[in-house]
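Here are the chains, one letter per residue:
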Amino acid sequence: MSGCKKEEASPAAGALRVSLAYATFQPRCLTLTVVDLEDASRTESKEVQVVQGVRSDTRTVAIFGREGWSRNLRLTATANERSCNGALVAEQSVEAQMPEVGIADARLDLRAEDLDNDSYVSNKGPRPGTDCDDSDEDVHPQATELCDGIDNNCANGEGDAPGAQEYYRDRDGDGYGDRDALAIPSCVQPASTATRGGDCNDGDGTIHPDQQESRCDGVDEDCDGTKDDDAFAVGAACATALGCQGVNACQSVSSAACVSAEQPVPWYLDDDGDGSAGTETAASCVKPAPGASTMRTDCDDGTSRASSTFIGNELCDRLDNDCDGSTDEDLTGCSATPWTEDTGVGASGARWNAVAPSGGNRGWLAGDGGRVLYVNGATFTAVGSCPGDWKAAWVASTGRVFIGSAAGKLATATPGALDTCAEVNGVAGSSINGMVGFEQGTTVRLFAVDSQGRVIRWEYVEGAPSQAAPTLVTQVAANLRAIHGLGPETLLAVGMEDVGGTERPVAWRAPASGSTWTKEDLGNTGTTGFLRAVRVLTPGLAYAAGDKGLLLERSGTTWTQKPVLTVSGDPVDLRAMVAFGRTAIYAVTSVVRDIQFFNGTAWTSVNVPPNTLNALEGTGPGDIWGAGSGGTLMRWQP
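Residues numbered from 1 in each chain as written. Predicted model: local features only at pLDDT ≥ 70, side-chain atom pairs only at ≥ 80, totals over all residues. Heavy atoms only, no water.

Quick look at the overall build of the protein now. Within the protein, the regular secondary structure consists of zero helices and 46 strands. The C-alpha radius of gyration of the protein comes to 54 Å, more than 25% above the 26 Å expected for a compact globule of 638 residues. As displayed, the protein has an accessible area near 29,000 Å², and 46% of this comes from carbon and sulfur atoms. Between the centroid of the 48 positive side chains of the protein and the centroid of its 89 negative side chains there is a distance of 6 Å. (Helix = DSSP H or I, 4+ residues; strand = E, 2+ residues; numbered from the N terminus. Rg over C-alpha atoms; globule rule 2.2 N^0.38 Å. Areas by Shrake-Rupley, 256 points an atom, 1.4 Å probe, with all protein chains shown as cover. Lys, Arg positive; Asp, Glu negative; His and termini not counted. Charge placed at Lys NZ, Arg CZ, Asp CG, Glu CD.)

The following block contains the structure:
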């Protein structure tokens, strides 16, 4: 095939002269296709050149016979808008016969409308183009869309205009459109639409995004894909107040709670650190503390010397060491083990107010009239110069003793230098009645209490060229008589407070952090007078004793009253007390000379010293010392 405007000469062989006419539009791609009617596989197409800018024209194409083709042909002319890939806007086919010689004519006429001459054909008719308004040359697919009420680019209305916004169908009028409906782009908001989508129930105005779940009812109110979440957290893993694992579930339309199929069980704690648990605590689904067990394996969790798994063998110490229900069984002569009795120690009229054993049958005595005595077995050596009436004593593991006087002075002495003691003034001149210390390396942190409610700290550094002065920790409204603890954070101080002119027993607890001490709630003790002794056995167990035979037990944070010590039916004041467990507490009274023993249930007398004792202390239940009037020193060391 070849195309030309005019055919000037006839070919020597047969040929077809095809006229391709088009009007009222300009094809950008004009194509003639020839197909052999006897064999459709024989086909040939040619793009016919057109004159740009001419909307109506006729182009001529010459078709020459080809070897192997028949003479019967189908001629098809097509026109495309804008390019050969554009819309097919016109098409015509005719059948023609190739002459054996000479020239035969064929004509094809193509019609389409581009009335506004914008090179886009009207989208109406059998072969529509892409121009949605063929009367306006500014409206066509390549035009810039504007928010002007016209679909300038013949696509999506005004939805693709730069100023258009997406709207969503909103049937329930809650300001959120149906999340399953397609967005509606528009320059003007259509009726019953919203600018936000995501509504999971467009038929209920109370259900939409951007709100909190307000009802526990199995409905996803906030359309986040989860029912009854937010404050209800339904279905979320949780733990009950007793630590049982479960999931949150609705309890009513306004509340949810953790529901668990687990059943809490009682636990026993290992308060004394012996590896066996004996202190019962509340039922729970989780272990409340390291060492806790669901089985009780310790009959006295206030001492590491009583455990069915820790000791295993009985010792002569009035404790049920193997937790078999019997005490000191199979230990021949244990019950008859006598107390060592020394009188006139220091002087026949000596009054010892404090005793501080340090192990190995060594220890210290402190009393009135400047008497401070070092005990080494049966050898008693007085400190050469230590003036004062000494009321309290505590000994470090090095054998160094610390003492406090009725005048508020603190002093210290060591077995290696008994010629004198080193004195310092306290914070004030009130009687120091009790003390306890804690060691860290070469430093001793000593805590003392006095009659004016002061808690005093003295840090003594062994070997230092000079020592810091004592400092005031706190002052409470009480007359304090004793202090004890396992460390600075577990200290308890006891004594008496004045309540409207009546003396009441009182206890104060050191803070775990900070500086504010807390007054303990002792409950209704029903007594008056002082608490004169305190002993902290574990972080959760302590005992305090005082006037009117009062013995109190602190278990956890609760104080309870134990059986009162009476003589001839009357309660007696307890001067001193030392405890080694729930079933091993010793005390001395102001009425009789007996050393009393409490086994957890009842009081009994275990010894009758020759004189009244004022102080009790011990390094353990098998090393107990008592000291008092007449230079008396009692020791039980089975």
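Throughout the structure, instances matching the rule amount to 26 salt bridges. Across the pair Asp368 and Arg351 runs a salt bridge whose closest N-O atoms are separated by 3.8 Å. Of this pair, Asp368 sits in the loop between strand E19 (362–367) and strand E20 (372–376) while Arg351 sits in the loop between strand E17 (340–342) and strand E18 (352–359), and the two are 17 residues apart along the sequence. Three or more residues are tied together by salt bridges with common partners; here these are Asp36, Asp39 and Arg42. (Salt bridge = Lys/Arg side-chain N within 4 Å of Asp/Glu carboxyl O.)

Across four bridges, E20 lies against strand E21 (residues 379–382) in antiparallel orientation. Note that in E21 the partner of Asn376 across the bridge is Thr379. Between the antiparallel neighbours E20 and E21 lie two residues, among them Gly377 with a positive phi of about 65 degrees. (Pairing = 2+ DSSP bridges.)

Moving on to the packing of aromatic side chains. Following the criterion strictly, the structure yields 11 aromatic pairs and no others. On the numbers, 6.2 Å between centres and 35 degrees between planes, the contact of Trp394 with Phe402 is tilted. The rings of Trp394, Phe402, Trp458 and Tyr460 are connected pair by pair, giving a single aromatic cluster. Across from the ring centre of Tyr176, 4.0 Å away, lies the NZ or CZ of Arg196, which sits over that ring. Arg635 extends its terminal NZ or CZ atom over the ring of Trp625, reaching a point 5.3 Å from the ring centre. (Phe/Tyr/Trp six-rings, centres within 6.5 Å; stacked < 30°, edge-to-face > 60°. Lys NZ or Arg CZ within 6 Å of the ring centre and 35° of its normal.)

As a further point, take the state of the cysteines. Enumeration according to the criterion identifies nine disulfides in this entry. A sulfur-sulfur distance of 2.1 Å marks the disulfide that ties Cys200 to Cys223. Sign of the S-S torsion, about -75 degrees for the bond between Cys200 and Cys223, identifies this disulfide as left-handed. In this pair, Cys200 sits in the loop between strand E11 (193–194) and strand E12 (237–239) while Cys223 sits in the loop between E11 and E12, placing the two residues 23 residues apart along the sequence. Its relative accessible area of 11% is what places Cys223 among the buried residues. (Disulfide = S-S within 2.5 Å. Buried < 20%, exposed > 50% of the residue type's maximum accessible area, 1.4 Å probe, protein only.)

A sheet is described by the order of its strands in space; here four strands give the open sequence E4-E3-E6-E7, paired in antiparallel fashion. Edge strands, defined here as strands with exactly one partner in the open sheet, are strand E4 (43–48) and strand E7 (88–97). On average, each strand axis in the sheet is inclined to that of its neighbour by 15 degrees, with strand direction left out of account. As defined by bridge partners, strand E3 (residues 29–36) adjoins E4 across six bridges and the pair is classed as antiparallel. Considered in E4, the bridge of Thr33 is made with Ser45. (Axes fitted to C-alpha atoms, helices over the stretch in contact; angles between N-to-C directions.)

Turning to the sheet that holds E11, a few remarks are in order. Strand order in the open sheet formed by three strands is E10-E9-E11, and the pairing between neighbours is antiparallel. Of all strands in the sheet, those with a lone pairing partner are strand E10 (184–186) and E11, marking the two edges. Bridge analysis of strand E9 (residues 165–169) against E11 gives two bridges, and the strand direction is antiparallel. By the bridge assignment, Arg169 is partnered in E11 with Thr193.

The phi angle at Cys154 is positive, at roughly 55 degrees, despite the residue not being glycine. Relative to the elements of secondary structure, Cys154 occurs in the loop between strand E8 (103–111) and E9. Under the relative-accessibility criterion, Cys154 is labelled partly exposed at 21%.

Before going further, it helps to examine the environment of Ile483. Within the secondary structure, Ile483 sits in strand E30 (residues 479–484). On a C-alpha basis, the gap between Ile483 and Leu182 in space is 79 Å, while along the polypeptide they are 301 residues apart. Those residues in contact with Ile483 that lie beyond four places of it in its chain are Gly434, Met435, Val436, Phe447, Val449, Val455, Leu491, Leu492, Ala493, Trp517 and Val534. (Contact = heavy atoms within 4.5 Å.)

Moving on, we get to the layout of surface pockets. Considering only enclosed or pocket space, the largest pocket measures out at about 1,400 Å³ in volume. Going through the elements one at a time, E18, strand E22 (390–395), strand E26 (432–440), E30, strand E34 (531–538), strand E40 (574–581) and strand E44 (613–620) are the ones with two or more residues in the lining of the largest pocket. It is E44 that provides the largest number of residues to the lining of the largest pocket, a total of seven residues. (1 Å grid on protein atoms, 1.4 Å probe; cavity = no way out; pocket = protein on both sides within 12 Å on 5 of 7 lines; lining within 4 Å. Points joined across faces, edges and corners; volume = space filled by probe spheres on them.)

Trp394, Phe402, Met435, Leu480, Ile483, Leu491 and Trp517 are the most contacted members of the largest nonpolar core, which totals 27 residues. At the level of elements, E22, E26, strand E27 (443–450), strand E28 (454–461), E30 and strand E32 (502–509) are the ones that each hand at least two residues to this core. At five residues, the largest contribution of residues to this core is made by E27. Every residue in contact with Leu480, bar those within four places of it in the chain, is listed here: Asn433, Val449, Asp450, Ser451, Gly453, Arg454, Val455, Ala493, Val494, Gly495 and Trp508. Counting 26 residues, the second largest nonpolar core, distinct from the first, contains Val18, Phe25, Ala106 and Val121. (Core = buried A, V, L, I, M, F, W, Y, C linked by side-chain atoms within 4.5 Å.)

Moving on, we come to the environment of Glu113. Position of Glu113 relative to the elements: it lies in the loop between E8 and E9. Linking Glu113 and Lys124, residues 11 residues apart in sequence, is a C-alpha distance of 8.9 Å. Setting aside its immediate chain neighbours within four residues, Glu113 contacts Thr24, Phe25, Tyr120, Val121, Ser122 and Asp134.

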